[in-house]
Amino acid sequence: MAYYFGSKRSRWTPYLLLLPGIFFYVLIALGPSIATSVYSFTNATGLKGAQIDWIGLDNYKEFLFMGQAAKDNFAALGRTLIFCFFVTTIQFGLGLLVAVIINQNLKGRNIFRTLYFMPVILGAVIQGLIWSLFLFPLGGPMARILELFGAQSEFLGGQPAEAFAWVIVIQIWANMGTTMIIFLSGLQTIGAEMYEAARIDGASSWQVFANVTWPLLTPSVNTNLTLNIIGSLQAWQLFLVLLGYRNGTQVLGYLIYAVGFGQTSGSVTSSFRQGYAAAASIILFLLVLVIGLGVNYILKRREERIMG
Amino acid sequence: MSTMTKSVRNKKPVNWGRIGSYLILIIFAIIYLGPLLVLVNTSLKTMPSFMKDATGLARELHFQNFVEAWTKANFPKYLFNSLIYTVSATTIYIITAVFVSFPIARNYVKFSGPLLTLFVIALFLPPALIPQFQLILNLGLYNNPIGYIMLFIVNPIGIVILVNYIKSVPKELDEAAALDGCGYFRFVWSIVIPLIKPAIATVVVLHAIGIWNEIIAPTIYLTSEKYYPITRGLIVFQGVYGSNWPNLAAAVLMLTLPMLILFLFLQRYIISGLTSGSVKG
């Protein structure tokens, strides 16, 4: 590639200016990312300058096989999968439904779109606090709604399973807008003439959706499924804000944070179990990788079948 | 759901598809607006009236809540911290990112392709959480604003967005500018940057929102209250005054409203970031 700027010596300018960005990236993101697997074989703590010993597979053995802790870990792993499944399927379904409706020529569609998309800017803390108020158990709005049906609930402070379910609801509330936007941008690439042709052939609305919209929406379907699955396997901010580290509700991401940064053993950095947390991160990473690759494979095959 | 778009002009039949569509949109609108309206309502109630009836309409318009929330917590300090973190990290990031993206997009450095791959690869690697902490700790930057800012001066997705956008800027421009004696730095700084403003805006908005809303990193890295950003400050406020919902609601509302107004202006940048960032496949 031709380079136009100045003499031979100044040929180095682009390299020089590129360096800070690369340096920061390797130092802060890429390097640590790779180092996670190294730390997972050590007994590192959060104590500055402390000696770090190589302990082989001990962290993994402890995580997977050691008594009650291992049971708790598998329970958290199970909850992570449950969370991922419900968040992905419901958010996908609702996002698609709303996108298809908004894509029609309806009055006020931009207002609705903006409204559903709005929570993305608020962040987990504000999202969580807004919903904590909405779910205030002593006569709060949701409690009043339940009263109409003669029911009552502690919501976030109630049974772990119920609190967990509410986090799923709030997670979907917060992120459905993103799914909707990606579907909408996909829908807009489908030309009006495609719909016209189908209608001239006398297709019903459902047939138009099944035979025109759905197959042509494949790229957005793939993007949304991949983003939602990977995102929800790793998401735990709302658990932190809404529930805290509560037994029976933790997902893997939160568990890693808790053991690595002393939520389970006190807040002195020397009690941080960072090697163990690194091993747990690798296990979560492998889970995301296996599920991600599996889903990707299925989606690719489906795409080939549809697109020919 | 039988006739979705076309209505016959003469007969004007009831368009059930359209009615159903609006019905669904309105139900969702209530789900999205409801919690916000409850927040507004609660922020205007007195504590006794909240205790008596948490949901009932606020009749007393107790604006005092906002004053109390503002003075009880150190919100100006938290807001100032958040602003410093967000602005400084985003500024450093975007400047370094432009100088990484431009030569890669133009092939002005050797190994441009592998370099770009190097950035994309981070999206498929294990989380950096633990070693990152060890790094900051051993640099002596734990519980230090500089260490905290450092965490946010990288973002590989932004690089991908910038590279893609720069590729749409015609190369003839480089040649013409160089012929006029324009140097590399000046060209990127005063010609390329203005030309790729839309992409820069998108990346800046996405990156800044991420920092502003971050809650995990401040919980891990900042232990002194004087360094807390607004997210952590809100959690502290909730911990102390959490039982006083009218006060807490006022605090949350004061921080939510500016974000919502900002959202109306920034929405298109967020959308373009989402749709361009997600094509990565």
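Residues numbered from 1 in each chain as written. Chains lettered and ligands numbered in written order. Predicted model: local features only at pLDDT ≥ 70, side-chain atom pairs only at ≥ 80, totals over all residues.

(A) Fine view of the overall build of chain A. Counting its regular elements, chain A contains 13 helices and zero strands. Shown N-terminal to C-terminal, the secondary structure of chain A runs as helices and strands in the order α-α-α-α-α-α-α-α-α-α-α-α-α. Overall, the C-alpha framework of chain A stretches about 80 × 75 × 35 Å when taken along its three principal axes. Out of the 308 residues in chain A, the part that is buried amounts to 43%. (Helix = DSSP H or I, 4+ residues; strand = E, 2+ residues; numbered from the N terminus. Buried ≥ 20, exposed ≤ 12 C-beta atoms within 10 Å, placed from the backbone.)

(B) Spotlight on the overall build of chain B. Helix and strand content of chain B: 14 helices and zero strands. Reading the secondary structure of chain B in the N-to-C direction produces α-α-α-α-α-α-α-α-α-α-α-α-α-α. In terms of overall size, chain B is more extended than a compact globule, its C-alpha atoms giving a radius of gyration of 25 Å where 281 residues would be expected to give roughly 19 Å. Its C-alpha atoms give chain B principal-axis dimensions of roughly 75 × 75 × 40 Å. (Rg over C-alpha atoms; globule rule 2.2 N^0.38 Å.)

(C) Helix 1 (residues 16-43) of chain B, seen in detail. Residue and element names in this part refer to chain B. Its 28 residues place the ends of helix 1 40 Å apart at the C-alpha level, agreeing with the 40 Å of an ideal helix rising 1.5 Å per residue. Considering bend angle alone, the principal kink of helix 1 is centred on Leu-33 and spans about 35°; proline Pro-35 follows within four residues of it. Turning to helix 1, its buried residues are Ser-21, Leu-25, Phe-28, Pro-35, Val-38, Leu-39, Thr-42 and Ser-43. (Expected span 1.5 Å × (residues − 1). Bend = angle between axes of the 7 residues up to and from the residue.)

(D) Local environment of the interface of chain A and chain B. Chain A puts 80 residues into the contact, and the matching count from chain B is 80 residues. With 20 residues, helix 1 (residues 13-39) of chain A is the largest single contributor of residues to the side of chain A that touches chain B. Across the side of chain A that touches chain B, the residue classes tally to 54 nonpolar, 24 polar and two charged. (Contact = placed C-beta atoms within 7 Å. Nonpolar A, V, L, I, M, F, W, Y, C, P; charged D, E, K, R; others polar.)

(E) Region of the structure containing the environment of Thr-86 of chain B. Residues and elements named next belong to chain B. Note on placement: Thr-86 falls in helix 4 (residues 75-106). With 22 C-beta atoms counted inside 10 Å, the residue Thr-86 sits in the buried group. The sequence separation of Thr-86 and Trp-212 amounts to 126 residues, and the corresponding C-alpha distance is 6.1 Å. Excluding residues within four positions of it along the chain, Thr-86 makes contact with Ala-208, Ile-211 and Trp-212.

(F) Up close: the environment of Ser-101 of chain B. Residue and element names in this part refer to chain B. Tracing the backbone shows Ser-101 in helix 4. According to the C-beta neighbour criterion, Ser-101 is buried, with 30 such atoms within 10 Å. The spacing of Ser-101 and Asn-164 is 63 residues in sequence and 8.8 Å in space, taken between C-alpha atoms. Look past the residues within four positions of Ser-101 in its chain and what remains in contact with it is Ile-159, Leu-162, Val-163 and Ile-166.

(G) Expanded view of the domain arrangement of chain B. Structurally, chain B comprises domain 1 (16-65) and domain 2 (74-241). Domain 1 of chain B and domain 2 of chain B are separated by 37 Å when their C-alpha centres are compared. (Domains from an automatic or database assignment.)

(H) Geometry of unusual backbone geometry. For Phe-155 of chain A, which is not a glycine, the phi torsion comes out positive at approximately 50°. With a phi close to 65°, Asn-107 of chain B is a non-glycine residue in the positive phi region.

(I) Geometry of the packing of helix 4 of chain B against helix 10 (residues 184-195) of chain B. Residue and element names in this part refer to chain B. It is the contact of helix 4 with helix 10, at a shortest axis distance of 11 Å, that shows an interaxial angle of 85°. Of the possible angle classes, the one that applies to helix 4 and helix 10 is roughly perpendicular. The residues of helix 10 that touch helix 4, namely those facing Val-98, Phe-99 and Phe-102, are Val-188, Val-192 and Ile-193. (Axes fitted to C-alpha atoms, helices over the stretch in contact; angles between N-to-C directions. Parallel < 35°, antiparallel > 145°, perpendicular 65-115°, else oblique.)

(J) Fine view of the nonpolar core. Ranked by size, the top nonpolar core spans 163 residues in total, and within it Ala-280 of chain A together with Leu-162 and Val-252 of chain B carry the most contacts. With 14 residues, the top contributor of residues to this core is helix 7 (residues 160-187) of chain A. Here this core spans two domains, and each of domain 1 (16-65) and domain 2 (74-241) of chain B adds at least three residues to it. With residues up to four places along the chain from it excluded, the contact list for Val-252 of chain B reads Ile-126, Leu-129 and Ile-130 of chain A together with Leu-39 of chain B. (Core = buried A, V, L, I, M, F, W, Y, C linked by C-beta atoms within 7 Å.)

(K) Focus on the confidence of the model for chain B. Residues and elements named next belong to chain B. Of the residues in chain B, 94% reach a pLDDT of 70 or more, and the chain-wide mean stands at 90. Segment residues 1-9: pLDDT under 50, and 17 contacts once partners within four positions in sequence are set aside and those in other chains are kept. Model confidence for the complex: the whole-complex pTM is 0.92, and ipTM, which rates the interface, is 0.91. (pLDDT = per-residue confidence, 0-100.)

(L) Main features of the packing of helix 2 (residues 58-65) of chain A against helix 3 (residues 67-102) of chain A. Residues and elements named next belong to chain A. Interhelical geometry of helix 2 versus helix 3 gives an angle of 75° and a closest axis separation of 5 Å. The angle between helix 2 and helix 3 places the two elements in the roughly perpendicular class. For the pair helix 2 and helix 3, contact is made by Glu-62, Phe-63, Leu-64 and Phe-65 and by Ala-69, Ala-70 and Asn-73, respectively. Split by residue class, the contact of helix 2 with helix 3 holds five nonpolar, one polar and one charged.

(M) Representation of the environment of Tyr-241 of chain B within the structure. Residues and elements named next belong to chain B. With respect to the element layout, Tyr-241 can be found in helix 13 (residues 230-241). C-beta crowding within 10 Å serves as the criterion here: with 17 such atoms nearby, Tyr-241 is assigned to the partly exposed category. Separated by 215 residues in the primary sequence, Tyr-241 and Ile-26 have C-alpha atoms spaced 35 Å apart. For Tyr-241, the residues in contact, after removing those within four places along its chain, are Lys-72, Asn-247 and Leu-248.

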